[in-house]
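Residue-level structural notes
The lines below spell out each chain.
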Amino acid sequence: MTLPMQQTHYANNENEYFLGFGLGLRTEHYESLLADKPPIDWLEIITENYLVPGGKPHYYLNKIREHYPIVMHGVSLSIGSTDPLDLHYLKEVKALSQQIEARWISDHLCWTGIHGKNSHDLLPLPYTEESIHHVVNRIQQVQDYLGQRILIENVSSYISYQQSEMTEWEFLNAICERADCYLLLDINNIYVSSVNHEFNPMHYLLSMPKERIRQIHLAGHSNMGDYIIDTHDHPIVSPVWNLYAEATRQFGLISTMIERDDDIPPLNTLLDELQYAKNLAETTLSESAA
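Residues numbered from 1 in each chain as written. Predicted model: local features only at pLDDT ≥ 70, side-chain atom pairs only at ≥ 80, totals over all residues. Heavy atoms only, no water.

1. Comments concerning the overall build of the protein
- Each helix and strand in the protein was counted, giving 9 helices and 12 strands.
- Relative to its length of 290 residues, the protein is compact, with a C-alpha radius of gyration of 18 Å against a globular reference of 19 Å.
- Over its C-alpha atoms, taken along the principal directions, the protein stretches across nearly 50 × 50 × 40 Å.
- For the protein, with 290 residues in total, the buried portion stands at 54%.
- Excluding contacts between residues fewer than 6 apart, the proportion of contacts in the protein whose partners are at least 24 apart in sequence is 79%.
- For the protein, the exposed surface amounts to about 13600 Å²; the carbon and sulfur share of it is 50%.
- Distance between charge centres in the protein, computed from 18 positive and 39 negative side chains, equals 8 Å. (Helix = DSSP H or I, 4+ residues; strand = E, 2+ residues; numbered from the N terminus. Rg over C-alpha atoms; globule rule 2.2 N^0.38 Å. Buried < 20%, exposed > 50% of the residue type's maximum accessible area, 1.4 Å probe, protein only. Contact = heavy atoms within 4.5 Å. Areas by Shrake-Rupley, 256 points an atom, 1.4 Å probe, with all protein chains shown as cover. Lys, Arg positive; Asp, Glu negative; His and termini not counted. Charge placed at Lys NZ, Arg CZ, Asp CG, Glu CD.)

In structure tokens form, the structure reads like this:
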């Protein structure tokens, strides 16, 4: 049974960027969103799915955005690559953002290819001063072009570099501060990487810059036994919920959404999970205030 869910309104919330609790917009749910208009606070789109003008995706996006705020989440910026920034891609991203009045634009702290070849994967960077300098310069160029700060997301990782000079959380903090950008904090990615690289996920979480966090991702993953893969095709697990509760305790209310990209269930199933996230956040804050 689907739990009754109400759209979130916090008149006294100190975070002016707080949109509430949202979902990723997926084609499987287009019709349900328009027919039922469920009380979701906001929706996140995969940027690349809407860069080609016209057609079915744009028709539904324009209809749906009449009822829900939209944010954009990209997978092709490749901010860590040594290839030149793709100005044609940035032009399309900027045009889409203006067209749909996106609340913000995000992408991943990673590289996706070199020499014009796209790996179609979100590859981690070595945690070095050289990488920080390189990425900060590119983020600043992107922000200047788009005319706004972007959000960068911590990725899950399955390899590490001998050249790394610091932890991932130190690397992420330095980039956010020096580039003057915002952070999309993926709680599941913290947990996945903590298992794969054997570090304490709570230490990572508590090291995050509160003033930079504008959005949180929650998702499921595939546990392969010796390692975990960030697949977005399962329900969220208890350790990730525990990290989210601590994030709420430490950072307050942050715009939170659930990613589901494969084995996508009916919308009502995701609404149940989203309601759980909302209840957990509210309970955690109430307990902290007591």
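From this point on, the discussion continues.
2. Section: the packing of helix α6 (residues 187-197) against helix α8 (residues 238-251)
- Remark: α6 packs on α8, axes separated minimally by 9 Å, with the N-to-C direction vectors making an angle of 125°. Judged by the angle between their axes, α6 and α8 are oblique. At the point where α6 passes α8, the crossing takes the right-handed sense. Side by side, α6 and α8 meet where Ile187, Asn188 and Tyr191 of the first sit next to Pro239, Val240, Leu243, Tyr244 and Ala247 of the second.
- A breakdown of the residues in the contact of α6 with α8 according to their chemical character gives 7 nonpolar, 1 polar and no charged. (Axes fitted to C-alpha atoms, helices over the stretch in contact; angles between N-to-C directions. Parallel < 35°, antiparallel > 145°, perpendicular 65-115°, else oblique. Left-handed = near helix turned anticlockwise from the far one by under 90°. Nonpolar A, V, L, I, M, F, W, Y, C, P; charged D, E, K, R; others polar.)

3. Details of the side chain of Arg260
- Summarising the element assignment, Arg260 is placed in the loop between β12 (255-258) and α9 (267-289).
- The charged side chain of Arg260 is buried without a salt bridge, its nearest counter-charge being Asp263 at 4.2 Å.
- Side-chain polar atoms of Arg260 contact the backbone oxygen of Asp262, separated by 3.3 Å.
- The contacts of Arg260, once residues within four sequence positions are left out, are Arg26, His232, Asp233, His234, Pro235, Pro265 and Leu270. (Salt bridge = Lys/Arg side-chain N within 4 Å of Asp/Glu carboxyl O. Polar contact = N/O pair within 3.5 Å; in protein donor to acceptor, adjacent residues only side chain to side chain.)

4. Details of unusual backbone geometry
- With a phi angle near 45°, Lys37 is a residue other than glycine that sits in the positive phi range.
- Turning to its location among the elements, Lys37 is positioned in the loop between α1 (30-36) and β2 (42-46).
- Among the residues examined, Lys37 registers a relative accessible area of 41% and is labelled partly exposed.
- Backbone geometry places Asp263, a non-glycine residue, at a positive phi of 50°.
- Take Asp263: it is sitting in the loop between β12 and α9.

5. Some remarks on the pairing of strand β3 (residues 70-73)
- Both faces of β3 are covered, namely the face carrying Ile70 and Met72 and the face carrying Val71 and His73.
- Crossover β2 to β3 through helix α2 (residues 55-64) is right-handed.
- Note that β3 and strand β4 (residues 105-108) share 2 bridges and pair parallel. Directly across from Met72, in β4, lies its bridge partner Ile105.
- Crossover connection from β3 via helix α3 (residues 87-100) to parallel β4: handedness right-handed. (Right-handed = clockwise from strand over helix to strand, strands pointing away. Pairing = 2+ DSSP bridges.)

6. Remarks on the environment of Ile40
- Note that Ile40 resides in the loop between α1 and β2.
- What makes Ile40 buried here is its relative accessible area of 0%.
- Here the alpha-carbon distance between Ile40 and Leu151, two residues 111 residues apart in the chain, equals 22 Å.

7. As for helix α4 (residues 129-146)
- Here α4 is 18 residues long and its end C-alpha atoms lie 26 Å apart, about the 26 Å a rise of 1.5 Å per residue gives.
- Taken together, the buried positions of α4 are occupied by Ser131, Ile132, Val135, Val136, Arg138, Ile139, Val142, Gln143 and Leu146.
- Following α4 by one or two positions, Gly147 adopts a phi angle in the positive range, close to 75°. (Expected span 1.5 Å × (residues − 1).)

8. Quick look at the packing of α4 against helix α5 (residues 168-179)
- The interhelical angle for the contact between α4 and α5, taken along N-to-C directions, is 40°, at an axis separation of 9 Å. In terms of their interaxial angle, α4 and α5 are classed as oblique. The hand of the α4/α5 crossing is right-handed. Taking contact as the criterion, the partners of Glu129, Ser131, Ile132, Val135, Val136, Ile139, Gln140 and Gln143 in α4 are, on α5, Phe171, Ala174, Ile175, Arg178 and Ala179.

9. Some thoughts on the sheet that holds β4
- With respect to topology, 8 strands assemble into a closed barrel ordered β1-β2-β3-β4-β7-β8-β9-β12, the strand pairing being parallel. Across this sheet, the average inter-strand angle for adjacent strands is 25°, counted without regard to direction.
- Across 4 bridges, strand β9 (residues 213-218) lies against β12 in parallel orientation. Among the inter-strand pairings, Gln215 is bridged to a residue of β12, identified as Ser255.
- Sheet strands touched by α8: β1 (21-24), β8 (182-186), β9 and β12. Its angle to β9, the strand with the most contacts, is close to 165°.

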